[in-house]
Amino acid sequence: MAGRVQGKVALVVGAGSVGDGVSNGQAAAVTYAREGAAVGCVDISLEAAEATVAMIEAEGGTAVALAADVTEETQVASAVEGAVSALGPVGILHNNVGATFLGGPTEISLESWHRAFAINVDSVLLTTKYVLPSMIERGSGAIVNISSVASLRDVGYDYPAYMAAKAAVDQLTVSIALRNAAHGIRANSVAPGFIDTPLVRAQLHSQADSIEELLATRHAACPPGRMGTPWDVANAALFLASDEAAYVNGVCLPVDGGLTMRAV
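The shown structure was predicted, so the numbers you read here are calculated from the model rather than taken from an experiment.

Enquirer: Tell me what's going on with the packing of aromatic side chains, and back it up with residues and numbers.
Expert: For the structure shown, the criterion picks out 4 aromatic pairs. For the pair Y157 and Y159, a centre-to-centre distance of 5.6 Å together with 45° between the ring planes defines the contact as tilted. Its relative accessible area of 4% is what places Y159 among the buried residues. Aromatic rings pair up to connect Y157, Y159, Y162 and F194 into one cluster.

Here is the structure:
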C-alpha cells in the first residue's frame, strides 16, 4: 500500500527530537515521506528539523527544514510561507508539538498554566489559521492533531494543565472538522498512550528514582505489557491523513494498546 499520500505536501510541526531516539514528530515526517509526500519539517530547533530532513533524504525522499516557535504567530506564518514556497500548497497538516507541566492546582503557577496552553493549544490554532485558507480554496485537506490519552482519562501523573490543554486540542479539532467538512477538509486527533519517546525521558524523569524505573512502570501500566513506539502513532496519523480515511472526520483515535478501556 505504498504511496498512500503520493504527491501531497505534509507540514509536520514538531518534527525534531529532543534527544537520542526517534520522536513522534520524526516518525510522522519519515512515514509521510515514505508514502510519497514532500514534507515540511518544522521545529523550534532548526538543527533538529535538519536532522529529520537528513533521515528523509537518506531514503530518497523530499523535505525541507524550517525553524519556528509555534506559539509565536509571525513565526508560524513565516514557516507556512516557507514550506509553500519550497514544496507547494500544504495538503496535510500534522501538529505534533506538546509539553507536560507538572503540578496540581495549588502548585502550578499561572504562568506555567498559560504556557501549557500556549504550547499545546495555541500552536494548533496558529498553524491551522495559516494553512486552512489554502485548503478551503483548493477544496481538500487533512489535519491531524496529536493529543494524548491524558485528555480522556487520568493516567497517574499530576499534570492537570497538560490534561486540560490536550482536551482543548480534541475539541478544537472537532470544531475545525465540522466547520470545514463542506469544504472537503477533515480534521482528526490521535491520542497516544504511553509511548517510548525521548521527550518522555526528558520531561517525566522526576517522577521516578531512575529512568529505568520510569520506563518499567510505564511498560507495566500498558495492557500489552509494553509501551508503544512513535511508529505506532505515525501509522495511525498516516491513515487519518490518507484517502483511506475519506469519511473519518472529527474523531479522537486512541493509540494506547487499550489503556483508556482499562477500568483500573
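Okay, back to it.
Enquirer: So what about the sheet that holds strand β1 (residues 9-13)? Which residues, and what values?
Expert: Spatially, the 7 strands line up as an open sheet ordered β3-β2-β1-β4-β5-β6-β7, and their pairing is parallel. Each edge of the open sheet carries a strand with a single partner, namely β3 (63-67) and β7 (252-255). Direction aside, neighbouring strands of the sheet carry axes that sit 20° apart on average. Bridge count between β1 and strand β4 (residues 92-95): 4 bridges; the pairing is parallel. Bridge assignment links V12 to a residue of β4, and that residue is H94.

Enquirer: Can you tell me about the pattern of salt bridges, naming the residues and giving the values?
Expert: Under the criterion given, the structure shown has 4 salt bridges. Notably, a salt bridge pairs E59 with R34, separated by 2.8 Å at the nearest N-O pair. Linking E59 in the loop between α2 (46-58) and β3 with R34 in helix α1 (residues 24-34), this pair joins segments that are 25 residues apart in sequence. Residue classification places E59 among the partly exposed positions, given a relative accessible area of 46%.

Enquirer: Kindly report on the pairing of strand β2 (residues 38-43), identifying the contributing residues and their values.
Expert: For β2, a buried count of 6 out of 6 residues is recorded, marking the element as mostly surrounded by other parts of the structure. Every second residue of β2 is oriented toward a common face, with A38, G40 and V42 on one face and V39, C41 and D43 on the other, all of them buried. As paired elements, β1 and β2 share 5 bridges and run parallel to each other. The residue bridging V12 from the neighbouring strand is C41, located in β2. For the crossover from β1 across α1 to β2, the handedness is right-handed. In terms of strand pairing, β2 meets β3 through 5 bridges, oriented parallel. Of the residues in β3, the one forming a bridge with V39 is A63.

Rules behind the numbers
Residues numbered from 1 in each chain as written. Predicted model: local features only at pLDDT ≥ 70, side-chain atom pairs only at ≥ 80, totals over all residues. Heavy atoms only, no water. Phe/Tyr/Trp six-rings, centres within 6.5 Å; stacked < 30°, edge-to-face > 60°. Buried < 20%, exposed > 50% of the residue type's maximum accessible area, 1.4 Å probe, protein only. Pairing = 2+ DSSP bridges. Helix = DSSP H or I, 4+ residues; strand = E, 2+ residues; numbered from the N terminus. Axes fitted to C-alpha atoms, helices over the stretch in contact; angles between N-to-C directions. Salt bridge = Lys/Arg side-chain N within 4 Å of Asp/Glu carboxyl O. Right-handed = clockwise from strand over helix to strand, strands pointing away.

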